[in-house]
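Geometric and topological summary
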Amino acid sequence: MAFNHLPAAMHDALGPLSATPVTDSVPMATNHGPGRPPESGDSRPSPGTVLDRLTAGAGRAARITHTEHLPPRAGRHAVWPDRIRPEVINAIQLAGVDHPWAHQATAAEHALDGESVVIATGTASGKSLAYLAPVLTTLLEGSEAPNGRGTTALYLSPTKALAADQRRAVKALAAPLGNSVRPAVYDGDTPVEEREWVRQYANYVLTNPDMLHRGILPAHPRWSSFLRSLRYVVIDECHTYRGVFGSHVAQVLRRLRRVCARYGSDPVFLLASATAAEPASAAGRLTGLPVHEVADDASPRGEVVFALWEPPLTELHGEKGAPVRRTATAETADILTDLTLQDVRSVAFVRSRRGAELVSVIAQERLAEVDRSLVGRVAAYRGGYLPEERRALERALHSGELLGLAATTALELGIDVSGLDAVVIAGYPGTRASLWQQAGRAGRAGQGALAILVARDDPLDTFLVHHPEALFQQPVESTVLDPDNPYVLAPHLCAAAAELPLTEADLALFGPAVPELLPQLVTAGLLRRRTTGWYWTRRERAADLADIRGEGGRPVQIVEAGTGRLLGTVDEGASHTAVHDGAVHLHQGRTYLVKQLDLADSVALVEEATPPYSTTARDTTAISVLETDTEVPWGGGRLCYGSVEVTNQVVSFLRRRLITGEVLGESKLDLPPRTLRTRAVWWTVTEDQLDAARVNPEQLGGALHAAEHASIGMLPLFATCDRRDIGGVSVPLHPDTLLPTVFVYDGHPGGAGFAERAFHTAREWLTATREAIASCECEAGCPSCIQSPKCGNGNEPLHKRAAVRLLGELLRSAPPPKTETPDPPDLPGPRTAEAGAEVTG
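Residues numbered from 1 in each chain as written. Predicted model: local features only at pLDDT ≥ 70, side-chain atom pairs only at ≥ 80, totals over all residues. Heavy atoms only, no water.

1. Some remarks on the overall build of the chain
On a plain count of helices and strands, the chain comes out with 25 helices and 30 strands. For the chain, the accessible area works out to roughly 30600 Å², and carbon and sulfur atoms hold 51% of it. (Helix = DSSP H or I, 4+ residues; strand = E, 2+ residues; numbered from the N terminus. Areas by Shrake-Rupley, 256 points an atom, 1.4 Å probe, with all protein chains shown as cover.)

Structure below.
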């Protein structure tokens, strides 16, 4: 029997963190609308005061496991390079910035020298101004050309909302420059009648990688005048381009560079990143160019009070009698309610769309019990909303009409929500970089800020709230992406050939895997080889071959059965777990039950309902080894990395009572299996190692299964992955290895680099996994160590103590760490996350 888990379907450290307690406090951000100065004498409570009020209730103080005080930091000014136009400096000064921070001036100097540069500094450190100063200077100079558009610039953001926000900011900043700077958004929401104007007249076009891939590059002749004059390409929030998505974007950027060369331009790339390990290296992998690094943050920072919050145990019992904690969703909703009642302007970050909706609904219900007029001051913000809904929420947030917001990471990515006092994070977001990015949304005007991480009932979160040094004394992670992944590269070679025939001279641009791939594409009939190069000769659009967000298939439309009204969409890859028959779906505070998922027509029919439960899908997985690339002896066992084929099937779903998370029942599902060829790391153990670990045959399945669950949850501490990006399988006797084996694999076709990272950090990764299981206080296993809510085998069998002994014996046989091992996070202790490795997240 195999025990397995597959998933369905960003960020700023505040510089070097200090654990030194401070006693002085500064006021929190003033709650005023954008564009209005704070009223004189307006005093907000300090973050410490707000936290004291939150913990004043019965039993609340005991939920705080640690409070980190980050003292204020003074800023360091510089002067703008003398090549920045005086008119631009004047516009910046009119916006209230008299002098740049030192990192802004340094980045601008690189840009003016024609050198690509990445600015990797903290949240609200002025990264936008660092690249806008040289961009506006260049656009101003270009406006003096005979055609009024001698130079252009392209801005790329990972979300539509961020591009829209940046357009507002650029338009306001450049207002004193008149018509010299003409910013325009070009995305899927841009009306058709406006698109031609953007192509012909805008000189600063704001878009996203999806539109560049599907809309701009395939139609490059219509963009010829813009591309011919392209001087700068700005890539905002570039740390979000990781894994499969980042690998796709890397190839889109190479296609952009190639098309630009066709029109005689060679743009400079200006990248803005959250604080990350080796930002220049990551930016170089993304763009394919040498990139300079500016990472010394010279901006000031207000006091930050960061609390780690563990929800209390309930009287309920979960599977196998395991203790159950109150859910992070319910706890976050209560905190958001209390902050709203204190008039503290806050955002709660929730990992899933459904979770964001649920936090909003619970908070609104709590507020209605106190004052019905406050209900409208709290809302949910997530992807999947229709454009008009999203824009309305953004306006309400900017105007101050909303006081509390439950948001997914759609809001995390840089939108300027000035004036926030507090951030509540429902569950560790997967990376330290993303944690600090979210926390940095508060106190953005240099004011004091409160951040609270509410732990979910899983191994990783439980470990972190009890080991604060893993958060506050460790560097942020390096970005993982693999542009040479053949599943990523092949469709982009086809798209590039459709844009301009591929020649021998182009091959080096796309990487070393190209010579091997091109003959395969020719054999498959996707490309045609001629004496002058490789051509796309098919009728369909080549760009449609690549789904750059790795979602696969067309989105599933969520339709209200009685009215035919379109409520939203869900990615095809997530549809089996999110909108299966019987699933609970939340939209704009309303609850719906899925009556039917029609996979053939990509439609989920729903009806409004009020079930007292939420739903969680469960899946099972089988795995086979296709090829072993690398293996290392660990005693008699082996640590291996290579290619695998994974077959995954959603088999059932649990109904859990709202608020408490109590399991009410399980229902079977009949959904087709899905097959994935990907990359994996796996380890085997021998009979001698099992004897040394005192693991008998009756315990073996449970020991492997428990180690798999915990190791999946631990991997995000060592690779920049989400637990939904990876999956796992454990088998007491695998037919390919002929030994007891645990697999952890990338949940994306061709791999995403996460399993490779796990292979290179295996000693540290599995050490942390063992310690996380051993340090949990439960007797036989619980959601905080080895249980998974998505386990298709119902968390059977699991053996906690045998897993600890087995991992201990395996690690005793591990080779000593090598100095060349790629920068693994130097963990002070273990931490685990449940078998959240399921794609269902």
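2. What about the confidence of the model for the chain?
On average, residues of the chain score 86 in pLDDT, and 89% of them reach the 70 mark or higher. Throughout residues 1-42 the model reports pLDDT below 50, and contacts reaching past four residues in sequence, or to other chains, amount to 177 contacts. (pLDDT = per-residue confidence, 0-100. Contact = heavy atoms within 4.5 Å.)

3. Quick look at the environment of Glu809
Here Glu809 lies in helix 25 (residues 800-812). For the pair Glu809 and Asp691, spaced 118 residues apart in sequence, the C-alpha to C-alpha distance is 9.7 Å. Apart from residues lying up to four places away in sequence, Glu809 is in contact with Gln689, Ala692 and Ala693. Side-chain polar atoms of Glu809 contact the side chain of Arg812, separated by 3.1 Å. (Polar contact = N/O pair within 3.5 Å; in protein donor to acceptor, adjacent residues only side chain to side chain.)

4. Quick notes on the nonpolar core
In this structure, Phe306, Trp683, Leu715 and Trp765 are the most contacted members of the largest nonpolar core, which totals 87 residues. At eight residues, the largest contribution of residues to this core is made by helix 22 (residues 697-714). The residues contacting Phe306, other than those within four sequence positions of it, are His66, Thr67, Glu68, Ile425, Leu435, Trp436, Ala439, Ala451, Ile452, Leu453 and Phe472. (Core = buried A, V, L, I, M, F, W, Y, C linked by side-chain atoms within 4.5 Å. Buried < 20%, exposed > 50% of the residue type's maximum accessible area, 1.4 Å probe, protein only.)

5. Side note on the sheet that holds strand 15 (residues 404-407)
Overall, mixed pairing links the seven strands, which are arranged 2-10-17-16-13-15-14 in an open sheet. Whereas interior strands pair on both sides, the edge strands pair on one side only; in this sheet they are strand 2 (64-70) and strand 14 (378-381). In this sheet, adjacent strand axes meet at a mean angle of 15° when their direction is disregarded. With five bridges joining them, strand 16 (residues 422-426) and strand 17 (residues 449-454) adopt parallel strand pairing. Across the sheet, Val424 pairs through a bridge with Ile452, a residue of strand 17. Contacting strand 10 (304-309), strand 13 (346-350), strand 14, strand 15, strand 16 and strand 17, helix 11 (residues 328-341) crosses the sheet at an angle of about 170° to strand 16. Its contacts with the sheet put helix 16 (residues 459-466) on strand 2, strand 10 and strand 17, and the angle it makes with strand 10 is roughly 130°. (Pairing = 2+ DSSP bridges. Axes fitted to C-alpha atoms, helices over the stretch in contact; angles between N-to-C directions.)

6. Looking at the pairing of strand 24 (residues 603-608)
Sheet analysis places strand 20 (residues 556-560) next to strand 24, joined by four bridges and oriented parallel. Looking across to strand 24, one finds that Ile558 is bridged to Ala604. As defined by bridge partners, strand 23 (residues 590-598) adjoins strand 24 across six bridges and the pair is classed as antiparallel. Bridged to Leu593 within strand 24 is Glu607. Taking the residues that link successive antiparallel strands as the turn, the strand 23-strand 24 hairpin has four residues, and the phi of Ser602 there is positive, at about 55°.

7. A short note on the environment of Lys595
In this structure, Lys595 sits in strand 23. Its relative accessible area of 46% is what places Lys595 among the partly exposed residues. Taking the C-alpha atoms as reference points, Lys595 and Ala583, separated by twelve residues in sequence, lie 8.2 Å from one another. When neighbours within four sequence positions are excluded, Lys595 is seen to be in contact with Asp581, Leu605, Val606 and Glu607.

8. Focus: unusual backbone geometry
Glycine aside, the phi torsion of most residues is negative, and most peptide linkages are trans. Across the junction of Glu796 and Pro797, the peptide omega takes the value -15°, indicating a cis bond. One non-glycine residue, Glu237, lies in positive phi territory at about 50°. Relative to the helices and strands, Glu237 resides in the loop between strand 7 (230-235) and helix 9 (243-262). Taking the relative accessible area as the measure of exposure, Glu237 reaches 6% and is therefore buried.

9. Brief notes about the sheet that holds strand 23
Sheet architecture is open: five strands sit in the order 21-20-24-23-22, paired in mixed fashion. The strands lining the two open edges of the sheet, one partner per strand, are strand 21 (566-570) and strand 22 (584-587). Each strand of the sheet is rotated relative to its neighbour by a mean of 35°, with strand direction disregarded. Relative to the sheet, helix 12 (residues 353-370) contacts strand 21 and strand 22, its axis offset from that of strand 22 by approximately 65°.

10. Considering helix 6 (residues 192-201)
All of the buried residues along helix 6 are Arg195, Val198 and Arg199. Down the axis, helix 6 shows its buried residues gathered within 95° of arc, on one side only. The secondary structure elements touched by the buried residues of helix 6 are strand 5 (183-185), strand 6 (204-207), helix 7 (209-216) and helix 8 (224-228). (Arc of directions from axis to C-beta.)

11. Quick word on the pattern of salt bridges
Within this structure, the stated rule accounts for 36 salt bridges. For the salt bridge of Asp165 with Arg168, the shortest nitrogen-to-oxygen distance reads 3.3 Å. One end of the pair, Asp165, and the other, Arg168, are both in helix 5 (residues 160-173), three residues apart, so they sit about a helical turn from each other. Exposure remark for Asp165: the relative accessible area of 4% places this residue in the buried category. Judged by relative accessible area, which is 36%, Arg168 ranks as partly exposed. Of the charged contacts in the structure, one is a salt bridge between Arg242 and Asp725, with a shortest N-O distance of 3.6 Å. (Salt bridge = Lys/Arg side-chain N within 4 Å of Asp/Glu carboxyl O.)

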